[in-house]
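Residue strings, one per chain:
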There are 2 protein chains.
Amino acid sequence: MDGELVEENISIPEKKYEYLDHTADVQLHAWGKDLKEAFEQCAMAMFGYMTTIESVELKEVREIHAEGDDMESLLFHFLDEFLFIFSCEPYFIIRVVEITKFDTENFKIDAVGYGEEFDLQKHPQGTEVKAITYSAMQIHEELDKSEVYVIIDI
Amino acid sequence: MDGELVEENISIPEKKYEYLDHTADVQLHAWGKDLKEAFEQCAMAMFGYMTTIESVELKEVREIHAEGDDMESLLFHFLDEFLFIFSCEPYFIIRVVEITKFDTENFKIDAVGYGEEFDLQKHPQGTEVKAITYSAMQIHEELDKSEVYVIIDI
């Protein structure tokens with residue numbers, strides 16, 4: 001009975017449905033000549049998901065410190081510290097991340113981020129980053145290239 | 001060292017990152033006076049996620065048949081059959097779903113869907129539905145109200 005509709009008396013039923021629990025994630029893949037650069041790039045990838053990153057000027061600087069028990073938790077907390085900078089007023093969006101201390105013996109990082117206060121008039125709204133996750137996290141260090149994979153909840 | 005930036009010579013690093021594997025899902029919650037209506041509403045909820053459903057006219061009808069081994073797989077295949085109608089050319093978008101046979105003994109459904117060919121000029125693009133899932137599926141049948149929960153990949 002597929003085909004053209006001849007009946008004209010089909011009624012549109014009342015809506016008895018709703019949409020719940022939208023969840024989503026995206027995997028960041030970042031790399032560099034060493035692990036330090038791969039970490040910096042990963043943080044910049046996170047901010048790049050939040051807006052059109054080219055719209056961000058380098059007006060101010062913010063400093064973060066992160067510690068971990070291993071490289072995975074160090075990467076997690078490093079990103080989480082930067083996410084926190086964006087998460088509370090005045091929301092601060094970062095374009096350039098530089099790690100100033102990268103201690104892979106004691107799992108400590110000092111880093112700075114250059115950017116400016118987030119302004120919807122100036123910065124196109126990208127996607128909200130809700131959380132960093134450990135899910136399927138990968139950290140690969142090699143002689144001439146290192147890379148990391150991090151899944152973030154959006 | 002947080003604060004105004006005095007250095008003017010911070011360079012913007014080359015991008016060494018990419019975004020991979022965007023995944024997302026949404027949970028459909030649909031209900032009705034009985035399970036048959038809840039199933040119908042669930043299929044309409046799925047189509048309602050694909051476009052602004054009010055833009056869809058009832059021009060043609062499509063028929064589907066679904067079978068399962070239990071109510072969960074029956075619901076899965078029922079939705080999957082309707083998803084298939086949208087998934088191949090000519091893409092057909094459905095506004096009204098009516099189940100004409102609802103056999104919960106043998107787990108068989110016959111149903112029709114009223115709608116029209118999908119047309120981006122006419123139907124605002126919603127979100128692509130990639131797949132039905134069994135994840136956290138729930139089917140509740142009670143005397144005066146039944147409801148179902150289905151997570152779909154988008």
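Anyway, here's the lowdown on the structure attached to this text. (Residues numbered from 1 in each chain as written. Chains lettered and ligands numbered in written order. Predicted model: local features only at pLDDT ≥ 70, side-chain atom pairs only at ≥ 80, totals over all residues. Heavy atoms only, no water.)

**Digging into the overall build of chain A**
Note the cut-off: Only DSSP runs of H or I with at least four residues qualify as helices, and only runs of E with at least two residues qualify as strands; both kinds are numbered from the N terminus onward. Note on contacts: a residue pair qualifies if any of its non-hydrogen atoms lie within 4.5 Å across the two residues.
From N to C terminus, chain A includes two helices and eight strands. Considering only contacts within chain A whose residues lie at least 6 apart along the sequence, 69% involve residues at least 24 apart.

**A few points about the relation of the copies chain B and chain A**
Quick reminder of the rule: Alignment of the copies relies on least squares applied to C-alpha atoms, considering only residues that score at least 70 for pLDDT in both.
Of the transformation superimposing chain B on chain A, the axial component is 0.1 Å and the angular component is 180°, with the fit at an RMSD of 0.1 Å. Both copies of the chain, as the preceding transformation shows, are related through a two-fold rotation axis. Residue Ala24 of chain B of chain B places its C-alpha closer to the rotation axis than any other residue of that unit, at 1.9 Å. Taken together, the interface assignments show that 100% of the residues at the interface of chain B recur at the interface of chain A, consistent with an identical surface on both copies.

**Some words on the pattern of salt bridges**
Rules: Put simply, a salt bridge is a Lys or Arg side-chain nitrogen that is within 4 Å of an Asp or Glu carboxyl oxygen. Any residue under 20% of the maximum accessible area for its type is buried, any over 50% is exposed, and the rest in between are partly exposed; the area is computed with a 1.4 Å probe on protein chains only.
Within the structure shown, the criterion is met by 16 salt bridges over all chains. The closest approach of N and O atoms between Lys122 of chain A and Glu116 of chain A, which form a salt bridge, is 2.9 Å. On the accessibility criterion, Glu116 of chain A (4% relative accessible area) is buried. Here Arg62 of chain B and Glu60 of chain B are joined by a salt bridge, their closest N and O atoms 3.1 Å apart. The exposure classification of Arg62 of chain B matches that of Glu60 of chain B, with both residues buried. One network of salt bridges, in which partners are shared, links Glu57, Lys59, Glu116 and Lys122 of chain A.

**What to know about the environment of Glu81 of chain A**
All names here are of chain A. Along the chain, Glu81 falls in helix α2 (residues 71-87). Of the residues examined, Glu81 reaches a relative accessible area of 33% and is grouped as partly exposed. The spatial distance from the C-alpha of Glu81 to the C-alpha of Ile64 is 6.4 Å, given a sequence separation of 17 residues. In this view, Glu81 contacts Ile64, His65 and Ala66; residues no more than four positions away in its chain are not counted.

**Brief notes about the interface of chain B and chain A**
The cut-off we apply is this: Note: buried area is the sum, over both parts, of the accessible area (probe 1.4 Å) each one loses when the two are combined. Under the rule applied, a polar contact is a pair of N or O atoms within 3.5 Å (in protein, one hydrogen donor and one hydrogen acceptor; residues adjacent in sequence only if both atoms are side-chain atoms). All residues other than Ala, Val, Leu, Ile, Met, Phe, Trp, Tyr, Cys, Pro, Asp, Glu, Lys and Arg, Gly among them, are scored as polar; the first ten of these are nonpolar and the last four charged. Two strands are counted as paired when DSSP detects at least two bridges linking them.
Across the boundary between the two partners, chain B contributes 50 residues, which contact 51 residues of chain A. Both faces considered, chain B and chain A share a buried interface measuring about 4,600 Å² in area, 56% of it formed by carbon and sulfur atoms. Note that Glu54 of chain B and Lys15 of chain A form a salt bridge whose closest N and O atoms lie 3.3 Å from each other. Counting across the interface, chain B meets chain A through 20 residue pairs in polar contact (both at pLDDT 80 or more). Elements supplying a minimum of two residues to the side of chain B that touches chain A: β1 (3-4), β2 (17-32), α1 (35-50), β3 (60-67), β4 (92-103) and β5 (108-117) of chain B. Element by element, the count of residues in the side of chain B that touches chain A is highest for β2 of chain B, at 16 residues. Of the residues belonging to the side of chain B that touches chain A, the class tally is 24 nonpolar, nine polar and 17 charged. By the bridge criterion, eleven bridges tie strand β2 (residues 17-32) of chain A to β2 of chain B in an arrangement that is antiparallel. The residue of β2 of chain B that forms the bridge with Leu28 of chain A is Tyr19 of chain B.

By themselves, these figures tell us nothing about what the structure is for.
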